[in-house]
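# Structural overview
Below, each chain spelled out in residue letters.
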Amino acid sequence: PRIGQYVSSAWTFATSSFWISGPAGLVLVDTQFLPSGALEAAALAEQATGQRLVTAFVLHANPDKFNGTSALQRRGAMVLTSRQVLAAMPAIHEKRVAAFYERYKPDYPLEMPTPAAFGAATTQLRAAGLPLTAHVLGPGCSDAHVVLQFEDQLFVGDLVANGAHSWLEIGRTDAWLQRIAELEALRPRFVHPGRGPSGGPELLTRQRVYLEQVIALVAAEQPSGPPDKAALARVRAALELRYPGHRFPVFLEIGLPAEWRRQAGAAAVD
């Protein structure tokens, strides 16, 4: 009963925000793709608990995590992230405004979101009266990550997708597998992903297997040079066959070429 989940529509990528009920209010994890979604999540959490939202966290530098920052700050919430995630946000914001503003205006923010930085290293802190650990991690689906730990529960953002394809845009599956190993070492009882329902540590295992399969399927095409459309079409078809219920296969249009480029670049160096 201390944990709740808000899920946006598919129009905004079925993004999850979680709230944690504490003795001094609510903590919200991730601020949604649109400011209206952030406000809806906050209102739902407050209605469900009778408490006030006081703190929110941004787990990594993608707009479905940070775009609601300013809306929540205007409501009086403190919004926090790591120094590394904050540093990555301006370039991502500029890129995503160009891609998304016309489709989502006037709700999509032109203003650069500016959460406060709690630091550059893993930090133990208190928010809403709750003892929390903000784990500062390296690249995975983004260039930098925060994973929030509350007791035996991990809020991992898009490092884990349950029932959806993963966002592979930056082509760092090798580093992402290291992130999964780091999360497994924390021995969580519950894992709360960026998309899909929460579960146990088996979600980490499934994510690792998914990434390993992406790597192996691309490797089987012996990547070299620029991405080969026919080869990547075969990889995508194989992934969709193995994961027939996974949402957002469109993510693979960007993710698979990125994985191709990673492997082709590594082969060229070798």
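Residues numbered from 1 in each chain as written. Predicted model: local features only at pLDDT ≥ 70, side-chain atom pairs only at ≥ 80, totals over all residues. Heavy atoms only, no water.

Moving on, we get to the packing of helix H6 (residues 202-219) against helix H8 (residues 252-269). The N-to-C vectors of H6 and H8 enclose an angle of 65 degrees; their axes lie 10 Å apart at closest approach. Viewed along their axes, H6 and H8 form a crossing whose handedness is right-handed. Of H8, the residues touching H6 (which contributes Tyr210, Val214, Ile215, Val218 and Ala219) are Leu252, Leu256, Glu259, Trp260, Arg262 and Gln263. A per-class count over the contact of H6 with H8 returns eight nonpolar, one polar and two charged. (Axes fitted to C-alpha atoms, helices over the stretch in contact; angles between N-to-C directions. Helix = DSSP H or I, 4+ residues; strand = E, 2+ residues; numbered from the N terminus. Left-handed = near helix turned anticlockwise from the far one by under 90°. Contact = heavy atoms within 4.5 Å. Nonpolar A, V, L, I, M, F, W, Y, C, P; charged D, E, K, R; others polar.)

What follows deals with the sheet that holds strand E10 (residues 153-161). Across a sheet, strands are paired by hydrogen bonds formed along the backbone, either parallel or antiparallel in direction. Read from one edge to the other, the open sheet built from five strands follows the order E7-E8-E9-E10-E11, with strand pairing classed as mixed. The outermost strands of the open sheet, each flanked by one partner alone, are strand E7 (123-127) and strand E11 (190-195). If you compare each strand with its neighbour and ignore which way they point, the axes differ by 35 degrees on average. Of the strand pairs in this sheet, E10 and E11 are connected by five bridges, and their pairing is parallel. Bridge pairing links Gly157 to Pro193 in E11. Running over the sheet, helix H5 (residues 173-185) touches strand E8 (130-137), strand E9 (145-150) and E10 and is turned about 160 degrees from E10. (Pairing = 2+ DSSP bridges.)

Turning next to the packing of helix H7 (residues 229-242) against H8. The description of two packed helices rests on the angle between their axes and on the distance between the axes. Their axes nearest at 10 Å, the elements H7 and H8 cross at an angle of 120 degrees. Taken together, the axes of H7 and H8 are oblique relative to one another. When you trace H7 past H8, the crossing you get is right-handed. Of the residues in H8, those touching H7 at Ala231, Leu232, Val235, Arg236 and Leu239 are Leu252, Glu253, Leu256, Pro257 and Trp260. Taken together, the residues of the contact of H7 with H8 sort by class into eight nonpolar, no polar and two charged. (Parallel < 35°, antiparallel > 145°, perpendicular 65-115°, else oblique.)

In this section: the packing of aromatic side chains. Considering all chains together, one arrives at 14 aromatic pairs under this definition. Here Phe100 and Tyr104 contribute two aromatic rings whose centre-to-centre distance is 5.9 Å and whose plane-to-plane angle is 70 degrees, an arrangement assigned as edge-to-face. One end of the pair is Phe100 and the other is Tyr104, both in helix H4 (residues 83-104) and four residues apart, which spans about a single turn. Each member of the pair, Phe100 together with Tyr104, is buried. Among the aromatic residues, ring-to-ring pairing joins Trp11, Phe13, Phe33, Phe100, Tyr104, Tyr108, Trp167, Phe248 and Phe251 into one connected group. In this arrangement the basic side chain of Arg195 is found over the ring face of Phe248, its NZ or CZ atom lying 5.9 Å from the centre. (Phe/Tyr/Trp six-rings, centres within 6.5 Å; stacked < 30°, edge-to-face > 60°. Buried < 20%, exposed > 50% of the residue type's maximum accessible area, 1.4 Å probe, protein only. Lys NZ or Arg CZ within 6 Å of the ring centre and 35° of its normal.)

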